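Residue-level structure breakdown
For reference, the chains in residue letters:
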Amino acid sequence: MTKKSSPHLRGMFSSGNVTSRVFERQIRSSPPGASVNRARKFYENLVPSHTLYDVECPDHCFRKFTEDGLFLISFTRNHQELVVYRPSWLNYSSSSDSDSSPLPRRASRFDSFFTHLYSVNLASANELICKDFFLYFPSRRFGLFATSTAQIHDSAPSPGAVPGVPSIDKITFVLLRLDDGVVLDERVFVNDFVNLAYNMGVFMYDDLLAILSLRYQKIHLLQIRDSGHLVDARAIGYFCREDDELFLNSSTQEMMTTTNQDKNKQQNREDDAENGLRNSQPNADNSFLSGIKQRLLSFIFREIWNEESDNTMRVQSLKKKFYFHFQDYVDLIIWKVQFLDRHHLLIKFGSVDGGVGRNADHLPAFFAVYNMETTDIVAFYQNSAEDLYQLFEQFSDHFTVSSSSPFMNFVTSHSNSVHALEQLKYLKNKSNSFSQFVKKMLVSLPFSCQSQSPSPYFDQSLFRFDEKLISAADRHRQSSDNPIKFISRRKPETLKFKIKPGPECGSADGRSKKICSFLFHPHLPLAISIQQTLFMPPSVVNIHFRR
């Protein structure tokens, strides 16, 4: 028989006291697979409880902490230079023992928390750094940045380009080693359009990179080598297999040879032969659908065909569900793409307006799962499909986790947190239309890469906070004059700390609309809040830390 622990020990182990937790860690081992979750509970005691308001700092655009916490990424206001800092902990001496005593002036400066490593010019004279784009390759400490020229909305038609999609004269992706700021490789796209805002058009999975050309409907797959080189793996779009273009070119040569022979034999049919040759060439002006579009259409056809066993019913069903909507399927373009694993892509299709518009939530959209090895579509869903929503609800982590970094494995989702799941079910029950609720939830698919903070203060098993004001998502939010409260999930649910963006006494101008962003360090009790108006005067930067 096992002895029951005494009430005193049970009370000590359930205590939120940090000393009790340290003692518990010494004498009790964690259950298998739960060591990190148990260690994260210490963050209930280690919180950023002190704030330095309106800190004097360089007038930069602060982007984010890398997910391992080693670097703070920022850009100069003219969007020409990358500026990288190393987070460091505050060191100072004081004659007072009180935590409420004011900090020395030297300790209240930005450079007391962050050490400037280097500045690198990434953009040429007519290019600007995209301040909302940054991807981190943690195993080698590489950073991927993007620069581009101005966007041209009324671009001239180009062979193979989708009408209605804007053009950018030059987009440059720069791979840089963050340890020393050395540029390792570059990849340039000319007269193309890649959605760079919040990494929407680029997705990284381990050492693989997918770049979606909206203008030419091509998914460029690249591999990031340990040496720092960007190597072309393949391109998915007009062609799907690596030898598709070679096969079509050889077929064209055969057709040309056959046509010329017929031309020599039948001189009187020269015009017909010439027209036949011209129509058979697989150039950008012919009626060939792209390889990915052909695979999509064939998958839809087979799915509808297999729904019925009777041939008469099959024909009726195909007329109603396939041929009637055939042109709608043909007109679909790829909006967004993400890796599900090293062999499968989740691709979102929709209309041209939704691909380049800011708000496409009301437009019809479709999701396809594409197998890169077999070049087949293996699943197809409309954005109101309940079966896709069930997969999203139960296996949300499979859509969001795209990095080998251990910090990103603990981002809260409704498939790993009962609190997030309860909140999702509350929204589901509150919704008047389940179909509309499904569409609203699936809008976030495919997820933008590295778009969430792994900070433990966003762990909903530890803290409760107002997600309308702050969340792990990498987005600007409307600023509030009231502090944002972080309340412990542990009974009796006490207030642990508050985050207040902007000036300490509030803004004197209450009429101007303010936005704020929050940069949380992935594992230190350290955060930066940045408040600014829409007209971009100097920002108000606050530093929140544990004193």
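Throughout what follows, the structure given in this document is the object of discussion. Residue indices begin from 1 for each chain and proceed along its sequence in written order. Since the coordinates come from a predicted model, pLDDT governs what is reported: local features require at least 70, and pairs of side-chain atoms require 80 or more to be given and counted, while whole-chain, interface and lining totals use all residues. Values shown for side chains rest on all heavy atoms present in the structure; no hydrogens or waters enter the calculation.

Observations regarding helix 12 (residues 418-430)
In this model helix 12 runs 18 Å from its N-terminal to its C-terminal C-alpha over 13 residues, within 8% of the 18 Å that 1.5 Å per residue would give. The term polar contact refers here to a pair of N or O atoms within 3.5 Å; inside protein, the definition further demands a hydrogen-donor-capable atom paired with an acceptor-capable atom, and it admits residues adjacent in sequence only when both atoms are side-chain atoms. The way it works is that DSSP assigns letters per residue, a run of H or I at least four long becomes a helix, a run of E at least two long becomes a strand, and they are numbered from the N terminus. Between the side-chain oxygen of the N-cap and the backbone nitrogen of H419 there are 3.3 Å, and the N-cap of helix 12 in question is S417. Take the residue count of a helix, subtract one, and multiply by 1.5 Å to get its expected span.

Considerations on the pairing of strand 25 (residues 526-533)
Extensive coverage of strand 25 is indicated by the burial of eight of its eight residues. Relative accessible area decides the class of each residue, using a 1.4 Å probe on protein chains only: under 20% of the type maximum gives buried, over 50% gives exposed, and in between gives partly exposed. Side chains L526, I528, I530 and Q532 of strand 25 all project onto a buried face; the interleaved residues A527, S529, Q531 and T533 project onto the opposite face, where all are buried too. Across seven bridges, the pairing between strand 24 (residues 514-520) and strand 25 is antiparallel. What sits directly across from S517, in strand 25, is I530. Two strands form a pair only when DSSP identifies at least two bridges running between them. Here strand 24 folds back onto strand 25 in antiparallel fashion, the turn holding five residues. For strand 25 and strand 26 (residues 540-545), the ladder comprises six bridges, and the chain directions are antiparallel. Residue pairing for strand 26: A527 is matched across the bridge by H544.

Topic: the nonpolar core
In plain words, nonpolar cores are sets of buried Ala, Val, Leu, Ile, Met, Phe, Trp, Tyr and Cys residues tied together by side-chain atoms within 4.5 Å. Membership of the largest hydrophobic core comes to 62 residues, with the highest contact counts inside it found for F173 and I219. Not counting the four nearest positions on each side in its chain, F173 is found in contact with F133, L144, F145, A146, D185, E186, R187, F189, V194, L196, V202 and I211. Listed in part, the 20 residues of the second largest apolar core include L52, F65, V83 and I543. Contacts: residue pairs with any heavy atoms within 4.5 Å of one another.

Remarks on the sheet that holds strand 16 (residues 333-339)
Ordered in space as 16-17-18-19, the four strands form an open sheet in which the pairing is antiparallel. The sheet terminates laterally at strand 16 and strand 19 (376-382), the two strands that pair on one side only. Strand-to-strand, the axes of this sheet are offset by a mean angle of 25°, without reference to chain direction. Looking at chain direction, strand 17 (residues 344-350) and strand 18 (residues 365-371) are connected through seven bridges and run antiparallel. Paired with K348 across the bridge in strand 18 is F367. Its contacts with the sheet place helix 6 (residues 291-307) against strand 17, strand 18 and strand 19, and it is angled at close to 65° to strand 19. Under this scheme, a helix contributes an axis fitted over its contacting stretch, all axes are lines through C-alpha atoms, and angles between N-to-C directions fall in the 0 to 180 degree range.

Quick word on the environment of E127
As for its position among the elements, E127 is in the loop between strand 5 (114-121) and strand 6 (128-129). Distance in space between the C-alpha atoms of E127 and T149 is 4.5 Å, their sequence separation being 22 residues. If near-sequence neighbours (up to four positions away) are discounted, E127 is found in contact with Q80, T147, S148, T149, K170 and T172. Of the polar contacts made by the side chain of E127, one reaches the side chain of S124; its length is 2.9 Å.

Section: the pattern of salt bridges
Whenever Lys or Arg places a side-chain nitrogen within 4 Å of a carboxyl oxygen from Asp or Glu, that contact is recorded as a salt bridge. Scanning the entire structure with this criterion turns up 17 salt bridges. The residue D459 makes a salt bridge to R40 at a minimum N-O spacing of 3.3 Å. With D459 in the loop between helix 13 (434-442) and strand 20 (463-464) and R40 in helix 3 (residues 35-40), the pair connects residues that are 419 residues apart, well separated along the chain. Each member of the pair, D459 together with R40, is buried. D111 is the partner of R109 in a salt bridge, and the nearest nitrogen-oxygen pair spans 3.0 Å. Among the residues examined, D111 registers a relative accessible area of 35% and is labelled partly exposed. Overlapping salt bridges bring together D206, D207 and R342 as one network.

What about the packing of aromatic side chains?
Within 6.5 Å between ring centres, the rings of Phe, Tyr and Trp (the latter by its six-membered ring) count as paired, and their orientation is classed by plane angle as stacked under 30 degrees, edge-to-face over 60, tilted in between. In the structure shown here, the tally under the stated rule is 36 aromatic pairs. Ring geometry for F301 versus W305: centroids 6.1 Å apart, planes at 15°, classification stacked. Of this pair, F301 and W305 both sit in helix 6, separated by four residues, roughly a single helical turn. Here F301 falls in the partly exposed class, since its relative accessible area comes to 25%. The partly exposed category is assigned to W305, whose relative accessible area is 33%. Note on Y329 and F380: the rings are 6.4 Å apart at their centroids and 80° apart in plane angle, and the pair reads as edge-to-face. Separated by 51 residues along the polypeptide, Y329 in helix 8 (residues 326-330) and F380 in strand 19 bring together distant segments of the chain. When sorted by exposure, Y329 lands in the same class as F380, which is buried. Following the ring pairs from residue to residue traces out a cluster consisting of Y43, Y457, F458, F463, F465, F486, F497 and F520. Ring-over charges, as used throughout, are those where CZ of Arg or NZ of Lys falls within 6 Å of the ring centre and within 35 degrees of the ring normal. Its end group placed over the ring of Y198, R475 keeps NZ or CZ at 4.2 Å from the ring centre.

Let's talk about the packing of helix 6 against helix 7 (residues 311-323)
The N-to-C vectors of helix 6 and helix 7 enclose an angle of 140°; their axes lie 8 Å apart at closest approach. Looking at the two axes, helix 6 sits oblique to helix 7. Once helix 6 is placed against helix 7, the crossing between them reads as right-handed. For the pair helix 6 and helix 7, contact is made by L297, I300, F301, I304, W305 and E307 and by N311, R314, S317, L318, K321, F322 and Y323, respectively. Roughly parallel means an angle under 35 degrees; roughly antiparallel means over 145; roughly perpendicular covers 65 to 115; every other angle is labelled oblique. Handedness of a helix crossing follows the sense of rotation of the near helix relative to the far helix, less than a right angle counterclockwise being left-handed and clockwise being right-handed.

Re helix 13
For helix 13, the complete set of buried residues consists of F437, V438, M441 and L442. All buried residues of helix 13 fall inside an arc of 125° around its axis, so they share one side. Residues of helix 13 that are buried sit in contact with strand 17, strand 18, helix 10 (386-394) and helix 12. The arc under discussion is defined with respect to the helix axis, by the directions toward the C-beta atoms.

Details of the packing of helix 10 against helix 13
The contact between helix 10 and helix 13 brings their axes to 10 Å, and the two run at 50°. The angle between the axes of helix 10 and helix 13 places the two elements in the oblique class. For the element pair helix 10 and helix 13, the recorded crossing hand is left-handed. Every residue of helix 13 that contacts helix 10 at E386, L388, Y389 and F392 is listed here: F434, F437, V438, M441 and L442.

What to know about the pairing of strand 24
Judged by how many residues are buried, strand 24 sits mostly within the fold: seven of seven residues are covered. Side chains of strand 24 alternate between two faces, with K514, C516, F518 and F520 and I515, S517 and L519 buried alike. Here strand 21 (residues 477-478) pairs with strand 24 via two bridges, running antiparallel. Residue R477 lies in a different strand from strand 24, and its bridge partner there is C516.

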